[in-house]
Amino acid sequence: NWELSNLIEKGIYNKLTSYLRTQLLSSPNNNQIQLIKNKNNITNICIHIRKGDVYNRPKHKSVKYYENIIKNLKNLEFKKHIYIFSEKWKNYNGEDVIDLINLKDNNTEIEVIFEGLYEYFVDIINSDIFVSTIGQGSFSDLVPHYKSKNTVIIYNNELRQNKFNDNMNNMIIKTNKNGDFDIKYLQDNVHLKL
């Protein structure tokens with residue numbers, strides 16, 4: 001946003017994020033769990049559904065947005081593994097998030113992870129597609145700054161606390177409030193590891 005507004009010199013954002021990514025990946029304290037196995041011909045998709053202490057706030061109550069995202073992603077014509085990251089909380093058991101597993105099919109595996117969100121950060125930033133949470137979620141705010149150059153971000157500007165004016169060289173795909181986006185554009189124009 002600052003580059004688009006000419007508040008900083010063009011190229012500074014990429015220099016900064018490349019530096020941050022290098023620091024993260026080369027840190028001796030980087031004890032990341034290796035969850036995502038880079039199997040041939042499988043597209044890895046990570047979804048952050050913020051629940052936890054905000055599960056009762058209006059934007060965080062329903063998982064319908066994410067259900068629509070997953071239904072849309074299922075139209076991609078290749079095998080995919082969807083990892084959903086969320087958190088449980090007192091009086092919130094995560095059942096609505098767990099129910100999203102029912103959307104799996106022959107081309108779409110779905111796995112839900114409730115513990116250790118930050119332990120999977122390297123897997124998430126190196127995934128093929130990352131679906132950002134709606135509402136509040138600083139974890140989702142970090143991912144675009146550390147992501148691989150090949151990671152596509154699916155994002156809703158209207159429902160997020162932070163907004164992106166730039167599409168980051170077509171690597172940010174924006175959704176409407178329902179979670180609908182141009183899946184054909186993603187299928188035809190965005191390079192995904194296959």
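Everything below is about the structure printed above this text.
Criteria and thresholds
- Residues numbered from 1 in each chain as written.
- Predicted model: local features only at pLDDT ≥ 70, side-chain atom pairs only at ≥ 80, totals over all residues.
- Heavy atoms only, no water.
- Axes fitted to C-alpha atoms, helices over the stretch in contact; angles between N-to-C directions.
- Helix = DSSP H or I, 4+ residues; strand = E, 2+ residues; numbered from the N terminus.
- Parallel < 35°, antiparallel > 145°, perpendicular 65-115°, else oblique.
- Contact = heavy atoms within 4.5 Å.
- Nonpolar A, V, L, I, M, F, W, Y, C, P; charged D, E, K, R; others polar.
- Buried < 20%, exposed > 50% of the residue type's maximum accessible area, 1.4 Å probe, protein only.
- Pairing = 2+ DSSP bridges.

A.B. asks: Tell me about the packing of helix H1 (residues 12–26) against helix H6 (residues 138–146), residues and numbers included.
C.D. replies: Remark: H1 packs on H6, axes separated minimally by 8 Å, with the N-to-C direction vectors making an angle of 105°. Classed by the angle they form, the pair H1 and H6 counts as roughly perpendicular. Residues Tyr 13, Thr 17, Leu 20, Arg 21 and Leu 24 of H1 form the contact with H6, whose own contacting residues are Pro 144, His 145 and Tyr 146. Classifying every residue of the contact of H1 with H6 gives five nonpolar, two polar and one charged.

A.B. asks: Could you give an account of the pairing of strand E1 (residues 43–48), naming the residues involved and the relevant values?
C.D. replies: Burial runs high along E1: six of the six residues are buried. Bridge count between E1 and strand E2 (residues 80–85): six bridges; the pairing is parallel. Of the residues in E2, the one forming a bridge with Cys 46 is Tyr 83. As paired strands, E1 and strand E4 (residues 129–131) are joined by three bridges and run parallel to one another. Bridge pairing links Ile 47 to Val 131 in E4.

Purely geometric numbers; function is a separate question.
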